[in-house]
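Geometric and topological summary
Now for the letters of each chain:
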Amino acid sequence: MSPIAIAAIIMLVLLFLNVPVFASVLGACVTYFVLNPSAGLDGMLAMQRVISGIQSVPMLAIPFFVAAGALMNYCGITDRMLKFCKVLTGHMYGGLGQVNIVLSTLMGGMSGSSLADAAMEAKLLVPDMRKAGYPNGYASAITAFSSMITPLIPPGIAAIIYGSVTGTSIGRLFVAGIVPAVILCVAMMIIVSKYSKKRGIPRLSEKRASGGELWEAFKPAILPLCLPIIIIGSIRLGICTPTEAGAVAIAYAVILGIVYREIRWDNVLTCIRETVCSTASIMLIVGAASCFSWILTWENVPQTMTTVLISVCKNKYIFLLAVNIFLLVVGMFIEATAAQIVLAPMLAPVAIAFGVDPVHFGIVFIFNMALGSLTPPMGNLMFVTCGVTKCPTEEFLKDSVVFYILIFAILMLMTYVPFISTWLPNVLYGV
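Since the model is a prediction, treat every value here as computed from it, not as a measurement.

1. Comments concerning the overall build of the chain
- The helix and strand tally for the chain stands at 23 helices and zero strands.
- Scaling as 2.2 N^0.38, a compact globule of 431 residues should have a C-alpha radius of gyration of about 22 Å, and the chain matches this with 22 Å.
- On the principal axes, the C-alpha backbone points of the chain span a range of 75 × 45 × 45 Å.
- Per-residue burial for the chain yields a buried fraction of 54% across its 431 residues.
- Relative to all contacts within the chain whose residues are 6 or more apart in sequence, the contacts with residues 24 or more apart total 81%.
- Taken together, the 24 basic and 18 acidic charged side chains of the chain have centroids lying 8 Å from each other.

Dropping the structure here:
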């Protein structure tokens, strides 16, 4: 058996044993180098590949946007957005469920992380949803699945990583996720409305908010809602790079904290701790996965995969279906960030060879990875949400069936209707 095959098997075994993702991937890398002394490969080279994987200027955007999202949560911005969402959707059936979905959509432009969004809303909304009559499993499912919207809304961290490892325009990826995110938001709101009406879950308000009430709730949320516009606008106009836009987001969050008079030194220190911990966990995976990705390239795996896929898949439609199935299976077992860094550089060139738009393929890839975080046995998003809400996994899965069906339908729509992903980037950036 070849060293690369042994390394891959060891990685999968370690993942199944719940060894941390970065340790599992590094274990596979070390195994490969140990088994290949004749090729002139040694442990020093492995460490060089790990370090070079995280020494990337675009990757600096990750700690910047993580810090900006943390600051937003501690500067009173989440509370203002929550009040606006309640006024906006309070008259709909399943009011708190609708608030959950809309808040995920709006806060996606602040946190950039589905895990952060799910943890925040699980603490903030699920207790009140249970009091309103939502079963714990269904409330948890709404929270987890609505958090899938977050990676699609700029500045999604997944888009930064994908763009960094494939060379795809991060600015275009940011913009490309907006329309799919809106479609997903509306579809989930319709499902929650029908379910809540059927189960008799009360609305927050019996009548629609007046124009004056909407305006009063919207005014405090105007400045936070401007953040995604500032990020996209500054990148599109060439004022700053995506990395620099992350620094701008931090400055903007601090300014809002000062304007709202809610920023305090203890909050700043808490934000720094959260940013360091989140960034460190992401970068450990990024470095390990970058090393494994280099090994795959050294072994000509991408070239072999390209040849096989082109010979097996007769056209791009079959190729996209095969990729969807493959990524969904991978997402069940491998953490999204690691899978993205290893697989994206291999699959993106094949997609381009089949004539698939690179930005369209990027959004499909990112959405697949987000869905993988909700499927057992390695569903991080599912476990984070259930851990906060104390919901048994069986109950969560039972109440998630309708959402799984919806997500698969939207995945197929995004896959075979590229216009959904490419229209807005082409309008703003040109074809």
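2. Remarks on the nonpolar core
- Within the largest apolar cluster, 140 residues are counted, with the highest numbers of intra-cluster contacts made by F145, M148, F319, F361 and F396.
- For this core, the element with the most residues is helix α15 (residues 265–298), which contributes 12 residues.
- When sequence neighbours within four positions are dropped, the list of residues in contact with F361 reads Y162, F319, L320, V323, L347, A348, A351 and V356.

3. Observations concerning the state of the cysteines
- The full count for this structure, using the stated rule, is zero disulfides.
- Looking at the unpaired C391, the closest cysteine sulfur is the one in C386, lying at 4.5 Å.

4. A look at the packing of helix α18 (residues 336–353) against helix α19 (residues 358–372)
- Two elements in contact, α18 and α19, have axes separated by 10 Å at closest approach and are oriented at 150 degrees. In terms of their interaxial angle, α18 and α19 are classed as roughly antiparallel. For the element pair α18 and α19, the recorded crossing hand is right-handed. Where α18 approaches α19, its residues A336, A339, Q340, L343, A344, L347, A348, A351 and I352 are matched on the opposing element by P358, F361, F365, I366 and M369.
- Split by residue class, the contact of α18 with α19 holds 13 nonpolar, one polar and no charged.

5. A look at the environment of M1
- The residue M1 is located in the segment before α1 (3–16) in this model.
- When residues no more than four places from it in sequence are discounted, the contact partners of M1 are I6 and I9.

6. As for the pattern of salt bridges
- Overall, the coordinates contain one salt bridge when judged by the stated rule.
- Put simply, E216 and K219 hold a salt bridge, and the shortest N to O gap is 3.3 Å. With a gap of three residues between them, E216 and K219 both fall in helix α13 (residues 211–236), about one helical turn apart.
- Overall, E216 belongs to the partly exposed group, its relative accessible area being 48%.

7. Thoughts on the environment of I405
- Along the chain, I405 falls in helix α22 (residues 401–416).
- C-alpha separation for the pair I405 and F383, spaced 22 residues apart in sequence, amounts to 20 Å.

8. Let's talk about helix α9 (residues 136–146)
- The element α9 is largely enclosed, with a buried count of 11 among its 11 residues.
- Among all positions of α9, only N136, G137, Y138, A139, S140, A141, I142, T143, A144, F145 and S146 are buried.

9. Side note on the packing of aromatic side chains
- Summed over all chains, the structure comprises 15 aromatic pairs.
- Here the aromatic rings of F33 and W294 are separated by 6.2 Å at their centres, their planes lie at 15 degrees, and the arrangement is stacked. In this pair, F33 is assigned in helix α2 (residues 21–34) and W294 in helix α15, connecting sequence segments 261 residues apart. In terms of burial, F33 and W294 fall into one category: buried.

10. Side note on helix α20 (residues 380–389)
- All buried positions along α20 are accounted for by L381, M382, T385, C386 and T389. Relative to the axis of α20, the buried residues are bounded by an arc of 120 degrees and lie together on one face.
- Immediately beyond the C-terminal end of α20, within one or two residues, lies K390, with a positive phi of roughly 60 degrees.

11. Considering the environment of K194
- Tracing the sequence through the fold places K194 in helix α12 (residues 178–199).
- Put simply, K194 and G94 are 100 residues apart on the chain and 8.4 Å apart in space, counted from C-alpha to C-alpha.

12. Section: a nonpolar patch on the surface
- Where nonpolar side chains cluster on the molecular surface, the patch consists of Y317, L321, I325, V329, M412, L413, Y416, V417, F419, W423, V427 and L428 and spans about 1000 Å² of accessible area.
- Put simply, the parts of the chain that give the nonpolar patch at least two residues each are α17 (316–333), α22 and α23 (419–429).
- Along the chain, F419 turns up in helix α23.
- Given a relative accessible area of 53%, F419 falls into the exposed group.

13. Some details on the confidence of the model for the chain
- Counting all residues, the mean pLDDT for the chain is 80, and 95% of those residues have values of 70 or more.
- At the level of individual helices and strands, the chain shows its lowest average pLDDT in helix α7 (residues 114–124), which scores 73, and its highest in α22, which scores 91.

14. Here we look at the side chain of Q340
- As for its position among the elements, Q340 is in helix α18.
- What makes Q340 buried here is its relative accessible area of 2%.
- At 2.7 Å, the side chain of Q340 forms a polar contact with the backbone oxygen of A158.
- Excluding residues that lie within four positions of it along the chain, Q340 makes contacts with A158, I161, Y162, V165, P345, F365, I366 and M369.

15. Here we look at the packing of α9 against α20
- Remark: α9 packs on α20, axes separated minimally by 10 Å, with the N-to-C direction vectors making an angle of 135 degrees. Compared by their axis directions, α9 and α20 come out oblique. Pair α9 / α20 crosses with right-handed handedness. Contacts from N136, S140, T143 and A144 of α9 reach α20 at L381, T385 and T389.
- Classifying every residue of the contact of α9 with α20 gives two nonpolar, five polar and no charged.

Scoring rules and cut-offs
- Residues numbered from 1 in each chain as written.
- Predicted model: local features only at pLDDT ≥ 70, side-chain atom pairs only at ≥ 80, totals over all residues.
- Heavy atoms only, no water.
- Helix = DSSP H or I, 4+ residues; strand = E, 2+ residues; numbered from the N terminus.
- Rg over C-alpha atoms; globule rule 2.2 N^0.38 Å.
- Buried < 20%, exposed > 50% of the residue type's maximum accessible area, 1.4 Å probe, protein only.
- Contact = heavy atoms within 4.5 Å.
- Lys, Arg positive; Asp, Glu negative; His and termini not counted.
- Charge placed at Lys NZ, Arg CZ, Asp CG, Glu CD.
- Core = buried A, V, L, I, M, F, W, Y, C linked by side-chain atoms within 4.5 Å.
- Disulfide = S-S within 2.5 Å.
- Axes fitted to C-alpha atoms, helices over the stretch in contact; angles between N-to-C directions.
- Parallel < 35°, antiparallel > 145°, perpendicular 65-115°, else oblique.
- Left-handed = near helix turned anticlockwise from the far one by under 90°.
- Nonpolar A, V, L, I, M, F, W, Y, C, P; charged D, E, K, R; others polar.
- Salt bridge = Lys/Arg side-chain N within 4 Å of Asp/Glu carboxyl O.
- Phe/Tyr/Trp six-rings, centres within 6.5 Å; stacked < 30°, edge-to-face > 60°.
- Arc of directions from axis to C-beta.
- Patch = residues over 30% accessible without salt bridge, like charges linked within 9 Å, V, L, I, M, F, W, Y side chains within 5 Å.
- Areas by Shrake-Rupley, 256 points an atom, 1.4 Å probe, with all protein chains shown as cover.
- pLDDT = per-residue confidence, 0-100.
- Polar contact = N/O pair within 3.5 Å; in protein donor to acceptor, adjacent residues only side chain to side chain.

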